[in-house]
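Each chain is listed here by its residues.
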Amino acid sequence: MRYHTAVFSCILFALLWPGPTESAQWTCATCKGITERFAEKYAETEKGGYGGGNTDWEETYLKEYRRSEVRLLEIIEQLCKHDNHACHALVEEHEELLEEWWQKDESPHDNLYKWLCIDHVKTCCPNNTWGPGCRDCPIGREKVCSGHGKCDGEGTREGTGACTCDKGYQGALCEQCSIGHYEEYKNTTHVSCKGCHYGCNITCKGPGLEGCLACHKGYNYVQGQGCIDVDECQRETPAPCPQGFYCTNIVGAHKCFKCNEACDECFGPEANECKKCRENHVLLEGECKECDPLCKGCKGVGPENCVKCDEGKLADMVDGVCIECAPACHGCTGPGPENCKRCRMGFKQNKQGVCEDVDECKTICRLQHEVCTNTIGSYDCECEEGYERNVRDACVMKIPGQEDKPKRSQFDKYMKPNKHPKKMLTGKLRVEL
Ligand SMILES: *[C@@H]1O[C@H](CO)[C@@H](O)[C@H](O)[C@H]1NC(C)=O
Ligand SMILES: *[C@@H]1O[C@H](CO)[C@@H](O)[C@H](O)[C@H]1NC(C)=O
Ligand SMILES: *[C@@H]1O[C@H](CO)[C@@H](O)[C@H](O)[C@H]1NC(C)=O
């Protein structure tokens, strides 16, 4: 029974009194914080709450106050922030140490930290030592971690003592350059590393592109010179830029920019920086000029400089100049239907040599219920109102309710050999025929 009561008391104690469970949580930083705050509060209480008077009474009072219990309690009360449990726990447990030190008449600025945190609470270690036994941090080139890293747990009773090197350094003592860095300088007390040039493929033996041991994309390795920027714009295949773009070399790469829209190839963005022109343009003093509309290719501007005439535009060459032929002509030697080389389909040469429209309705589209309309160069052949084409291409009476059958004869049906071949013209005449 007594045992149970004791256990219960212990549990109750633990629940109500967070101190002992929290105490394990204080660190060197907690202790250091306390000593710093001690120095701060010590300075703040210098005047003992009295504004700098000079009466004898005050002089006497301050002398007594300087190392008084009153002042110490005032300082201790303010050592921890309200919610800093580790701090409260440490102060509570080691209040006597603070009192003992207070008797020694030393300035807190100089000695409290060493006396309290290192020597007595034993939560910190002297500079450059680490761990429970305050062992020396690894020294390289006369400095901890060669001056290029941190010793794990340094100044505390914790850690592993291993060096964590700064960027660019590696090794147990941080005395070597890490990958991508080169040794810039080294003597018995000092080593310094620097990053390799971006153009190096990671490793280098010195600064700049000359120091590279291998090159990044966009650079070529040249023995004795290191990495040299590749001028991608000089490359033939594959072309560095797509058609209609020009190339600009930049260090380690290249960029493509759009040509003036008249050029297919160019040296720069301006209209007069063309190298090769777009179709139907001619290169004149670096500039791409549009050919005459009647030309198909040209050596200069105007219809007199065509390489060929555009047949699609009914143009033909007469005395070295492209002219527009009459619509009745297929090629011409001059303007008008009287100067045709040949007549276009749907036209026929009369006795005077003029290409005239043929009235197709006189000879074709003459079946029952067909209605023929002659047009210039062609004709229309439809069924009468109320009639429609059947599968044999005859015009037959429409059956009500089947409205949407084609009224005109259909092109594909007339493709069959020997069956009214000329009816192909029904519908729109195609100029290229
Ligand atoms: C210990 O190191 C700290 C921070 O690096 C420095 O401020 C302090 O002066 C050093 N103390 C001694 C005794 O060298
Ligand atoms: C090593 O180099 C450092 C940095 O340049 C210099 O401060 C130091 O005096 C040098 N030590 C020796 C022994 O040359
Ligand atoms: C850079 O080096 C790595 C490893 O050696 C290699 O795989 C890669 O292809 C190199 N890059 C270039 C651009 O040479």
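Residues numbered from 1 in each chain as written. Chains lettered and ligands numbered in written order. Predicted model: local features only at pLDDT ≥ 70, side-chain atom pairs only at ≥ 80, totals over all residues. Heavy atoms only, no water.

**Some remarks on the environment of Cys277**
Within the secondary structure, Cys277 is located in strand β16 (residues 274–277). Taking C-alpha positions, Cys277 is 6.8 Å from Glu265, a pair spaced 12 residues apart along the chain. Sequence-distant contacts of Cys277, defined by excluding residues within four places in its chain, comprise Ala262, Cys263, Asp264, Val282, Leu283 and Cys288. (Helix = DSSP H or I, 4+ residues; strand = E, 2+ residues; numbered from the N terminus. Contact = heavy atoms within 4.5 Å.)

**Remarks on the site of ligand 3**
Close contacts around ligand 3 come from Asn201, Cys215, His216 and Lys217, and that covers them all. In the model, an oxygen atom of ligand 3 is placed 2.3 Å from a nitrogen or oxygen of the Asn201 side chain. Taking 360 Å² as the accessible area of ligand 3 by itself, protein coverage stands at 26%. Looking at the shell around ligand 3 residue by residue, the class counts come to one nonpolar, two polar and one charged. (Near = heavy atom within 4 Å. Polar contact = N/O pair within 3.5 Å; in protein donor to acceptor, adjacent residues only side chain to side chain. Areas by Shrake-Rupley, 256 points an atom, 1.4 Å probe, with all protein chains shown as cover. Nonpolar A, V, L, I, M, F, W, Y, C, P; charged D, E, K, R; others polar.)

**Considerations on the pairing of strand β18 (residues 287–290)**
Examined bridge by bridge, strand β17 (residues 281–284) and β18 share four bridges and lie antiparallel to one another. Paired with Leu284 across the strands is Glu287, a residue of β18. Connecting β17 to the antiparallel partner β18 that follows it, the hairpin turn spans two residues, and Glu285 within it adopts a positive phi of roughly 50 degrees. (Pairing = 2+ DSSP bridges.)

**Observations concerning the packing of helix α3 (residues 28–44) against helix α5 (residues 69–77)**
Two numbers describe how α3 lies on α5: the axes approach to 9 Å, and their chain directions differ by 130 degrees. Viewed along their axes, α3 and α5 adopt a mutual orientation that is oblique. Crossing of α3 against α5: the hand is right-handed. Residues Phe38, Lys41 and Tyr42 of α3 touch α5, and the partners they reach there are Arg71, Leu72 and Ile75. Tallied by class, the residues present in the contact of α3 with α5 amount to four nonpolar, no polar and two charged. (Axes fitted to C-alpha atoms, helices over the stretch in contact; angles between N-to-C directions. Parallel < 35°, antiparallel > 145°, perpendicular 65-115°, else oblique. Left-handed = near helix turned anticlockwise from the far one by under 90°.)

**Thoughts on the state of the cysteines**
Structurally, a disulfide amounts to a covalent bond that connects the sulfur atoms of two cysteines. The full count for this structure, using the stated rule, is 25 disulfides. Between the sulfur atoms of Cys196 and its disulfide partner Cys204 the distance amounts to 1.9 Å. Here the S-S torsion is close to -85 degrees, and the disulfide linking Cys196 with Cys204 is therefore left-handed. Note on Cys196: relative accessible area 18%, which makes it buried. The residue that forms a disulfide with Cys200 is Cys212, at a sulfur-sulfur distance of 2.0 Å. Here Cys200 and Cys212 share a disulfide; its torsion about the S-S bond, -80 degrees, makes the bridge left-handed. Pair noted here: Cys200 is in the loop between β10 (190–195) and β11 (219–222) and Cys212 is in the loop between β10 and β11, with a separation of 12 residues, a long-range link. (Disulfide = S-S within 2.5 Å. Buried < 20%, exposed > 50% of the residue type's maximum accessible area, 1.4 Å probe, protein only.)

**Focus: the layout of surface pockets**
Considering only enclosed or pocket space, the largest pocket measures out at about 360 Å³ in volume. Taken together, 18 residues line the largest pocket, and the ones lying closest to its centre are Pro240, Phe245, Cys247, Cys266 and Lys275. Mapped onto the lining of the largest pocket, the elements with two or more residues apiece are β13 (245–250) and β15 (263–266). Considered class by class, the residues forming the lining of the largest pocket number 10 nonpolar, three polar and five charged. (1 Å grid on protein atoms, 1.4 Å probe; cavity = no way out; pocket = protein on both sides within 12 Å on 5 of 7 lines; lining within 4 Å. Points joined across faces, edges and corners; volume = space filled by probe spheres on them.)

**Considerations on the nonpolar core**
Phe38, Leu79, Val91, Leu98, Trp102 and Leu116 are the most contacted members of the largest nonpolar core, which has 27 residues in total. Within the residue set of this core, elements represented by two or more residues are α3, α5, α6 (85–93), α7 (95–102) and α8 (108–120). Once residues within four sequence positions are removed from consideration, Val91 is found in contact with Ile34, Ile76, Leu79 and Cys80. (Core = buried A, V, L, I, M, F, W, Y, C linked by side-chain atoms within 4.5 Å.)

**With respect to α7**
For α7, the set of buried residues is Leu97, Leu98, Trp101 and Trp102. Taken end-on, α7 shows its buried residues confined to a sector of 140 degrees, consistent with a single buried face. (Arc of directions from axis to C-beta.)

**What about the pattern of salt bridges?**
Within this structure, the stated rule accounts for eight salt bridges. Its salt-bridge partner being Glu183, residue Lys186 comes within 3.5 Å of it at the nearest N-O pair. Here Lys341 makes a salt bridge to Asp316, at a shortest N to O gap of 3.0 Å. Within this pair, whereas Lys341 is found in strand β22 (residues 340–343), its partner Asp316 is found in strand β19 (residues 315–318), the two being separated by 25 residues in sequence. When its relative accessible area of 51% is taken as the criterion, Lys341 is described as exposed. (Salt bridge = Lys/Arg side-chain N within 4 Å of Asp/Glu carboxyl O.)

**Notes on the packing of aromatic side chains**
According to the stated counting rule, one finds four aromatic pairs in the structure shown. Between Tyr42 and Trp102, the ring centres sit 6.0 Å apart and the planes meet at 80 degrees, which makes this aromatic pair edge-to-face. In this pair, Tyr42 sits in helix α3 while Trp102 sits in helix α7, placing the two residues 60 residues apart along the sequence. For Tyr42, a relative accessible area of 7% translates into the label buried. Ring-pair connections join several aromatic residues into one group, and the members of that group are Phe38, Tyr42, Trp101 and Trp102. (Phe/Tyr/Trp six-rings, centres within 6.5 Å; stacked < 30°, edge-to-face > 60°.)

**Topic: the environment of Gly346**
Residue position: Gly346 is located in the loop between β22 and β23 (347–349). Here the alpha-carbon distance between Gly346 and Glu360, two residues 14 residues apart in the chain, equals 8.0 Å. Apart from the residues lying within four places of it in its own chain, the contact partners of Gly346 are Glu356, Asp357, Val358, Glu360 and Gly377.

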